[in-house]
Amino acid sequence: MKLITNSGNIQTLKITIAAEFVGFELEYVEVEKEDDVDLPCKQLPVLIVSPSCRLTSGNAACRFLLSSSGSSEDSLGVEQWCEWESSQLLPIVWQYLVQSIGHGKVDAKLIGPLKDLLYELNEGLHLKDLLIGDKVSAADIAIWSTLFPILCDTSSLKEWSQEFRNISQWFNKLSSHSSFQTGFTRVTNGKGLSAFKAALLTLPSPPPVSNSTRKFKQSSHKMTAQVPDTKISQSNEGEQVVTVTADELKIANDNWRNGHIHVPLLRQRKHPMYASHTKPVYLVCTI
């Protein structure tokens, strides 16, 4: 498999760590910018699995590598956290890093939303060493990779380790793993956080967090999704809330993955077309 990326790309960190974790040898091809990629999709990084299969999502590539090694994981739990990372955490962290690493100063307005997300993650790690089960999952790798440039910057966020102790313990546990250390060194070429600067300032930023983004809160029996346009009930913040059971989520997941099996195949059209008693032909014309 081939990984095409540019230097210091934070998204590449997820894929590199996953490959190191499962012992996959990737062929690394480094380009200067996205326009240098001779592929239909001008997006970096891109994992080329085969001539017909290319993965441009860091989370998707990470999950693919782990699943290819035969590792089993809680699919719904991992998907929940990976979706949270890509839709909510990454856009805020990206803005923070552009200002912190790229410009040397952070807008105070970003601290509040970032801390809110860290509180959510800290709660999710309560009495747990890892996010899902007792094995490192794609969710751990994805979220660790996104938070690494922030949490390792002790000069600006030193006091946060006390405020988010569950995150601190989880982060330090993963940071001591050789796969994470090797992955970080490879992506930064040994230059540390400064290696991320050029990519942060040149790559397009992730879409901003939308107010309509669904927030999933999982309990032992059900998951609740907050959807602004539903008419079920009102939350304390004035948002409308609908309750989704674990069974409904499983059905939705199965349909998403296997629903295409039940879609009828397109009928091949042969010309000229002749009418029959079973297949009439309609002629549409205008005057």
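Residues numbered from 1 in each chain as written. Predicted model: local features only at pLDDT ≥ 70, side-chain atom pairs only at ≥ 80, totals over all residues. Heavy atoms only, no water.

Per the secondary structure count, the chain includes eleven helices and eight strands. The 287 residues of the chain split such that 40% are buried. Long-range contacts, defined here as pairs at least 24 residues apart, represent 66% of the contacts in the chain between residues at least 6 apart. (Helix = DSSP H or I, 4+ residues; strand = E, 2+ residues; numbered from the N terminus. Buried < 20%, exposed > 50% of the residue type's maximum accessible area, 1.4 Å probe, protein only. Contact = heavy atoms within 4.5 Å.)

Oppositely charged side chains can pair when the atoms bearing their charge come close. Evaluation of the coordinates by the stated rule reveals four salt bridges. Glutamate 85 is the salt-bridge partner of lysine 14, the closest N and O atoms lying 3.0 Å from each other. Here lysine 14 is found in helix H1 (residues 10-22), whereas its partner glutamate 85 is found in helix H3 (residues 75-103), with 71 residues between them in sequence. One salt bridge connects glutamate 79 with arginine 63, and the closest N-O pair in it is separated by 3.5 Å. On the criterion of sequence distance, the pair formed by glutamate 79 in helix H3 and arginine 63 in helix H2 (residues 58-68) is long-range, its members being 16 residues apart. For glutamate 79, a relative accessible area of 24% puts it in the partly exposed group. (Salt bridge = Lys/Arg side-chain N within 4 Å of Asp/Glu carboxyl O.)

What follows concerns the confidence of the model for the chain. In low-pLDDT regions, the fine details of the predicted coordinates are not to be read closely. Summing up the model confidence of the chain, the mean pLDDT is 78 and the portion of residues at 70 or higher is 74%. Counting contacts from residues 211-232, a segment whose pLDDT is below 50, to residues more than four positions away or on other chains yields 49 contacts. (pLDDT = per-residue confidence, 0-100.)

As a further point, take unusual backbone geometry. In this structure, leucine 127 takes a positive phi of about 60° despite not being glycine. Here leucine 127 lies in the loop between helix H4 (111-124) and helix H5 (138-151). For leucine 127, a relative accessible area of 77% translates into the label exposed.

As paired elements, strand E1 (residues 2-6) and strand E2 (residues 27-31) share five bridges and run parallel to each other. Along E2, the bridge assignment pairs lysine 2 with glutamate 27. In this fold, E1 hands off to H1, which returns the chain to E2; that crossover is right-handed. (Pairing = 2+ DSSP bridges. Right-handed = clockwise from strand over helix to strand, strands pointing away.)

Here we take up the packing of aromatic side chains. Under the defined criterion, the tally for this structure stands at seven aromatic pairs. Between tryptophan 144 and phenylalanine 171, the ring centres sit 5.6 Å apart and the planes meet at 20°, which makes this aromatic pair stacked. Highlighted residues: tryptophan 144 in helix H5 and phenylalanine 171 in helix H8 (residues 165-175), separated in sequence by 27 residues. Note on accessibility: tryptophan 144 and phenylalanine 171 belong to one class, buried. Ring geometry for tryptophan 144 and phenylalanine 180: centres 4.9 Å apart, planes at 75°, overall edge-to-face. Note that tryptophan 144 is positioned in helix H5 and phenylalanine 180 in helix H9 (residues 178-188), a separation of 36 residues in sequence. The class of phenylalanine 180 is buried, set by a relative accessible area of 1%. By the ring-pair criterion, three or more aromatic residues cluster together here, those being Trp144, Phe148, Phe171, Phe180 and Phe184. The ring of tyrosine 28 carries arginine 186 above its face, with NZ or CZ at 3.7 Å from the centroid. (Phe/Tyr/Trp six-rings, centres within 6.5 Å; stacked < 30°, edge-to-face > 60°. Lys NZ or Arg CZ within 6 Å of the ring centre and 35° of its normal.)

Next up on the list: the packing of H1 against H9. Following both chains from N to C, one finds H1 and H9 inclined at 135°, their axes separated by 8 Å at the closest point. With respect to H9, the axis of H1 lies oblique. In this structure, the crossing between H1 and H9 has a hand that is right-handed. Across the interface between the two elements, Thr12, Leu13, Thr16, Ile17, Glu20 and Phe21 of H1 pack against Ser179, Phe180, Thr182, Gly183, Phe184, Arg186 and Val187 of H9. (Axes fitted to C-alpha atoms, helices over the stretch in contact; angles between N-to-C directions. Parallel < 35°, antiparallel > 145°, perpendicular 65-115°, else oblique. Left-handed = near helix turned anticlockwise from the far one by under 90°.)

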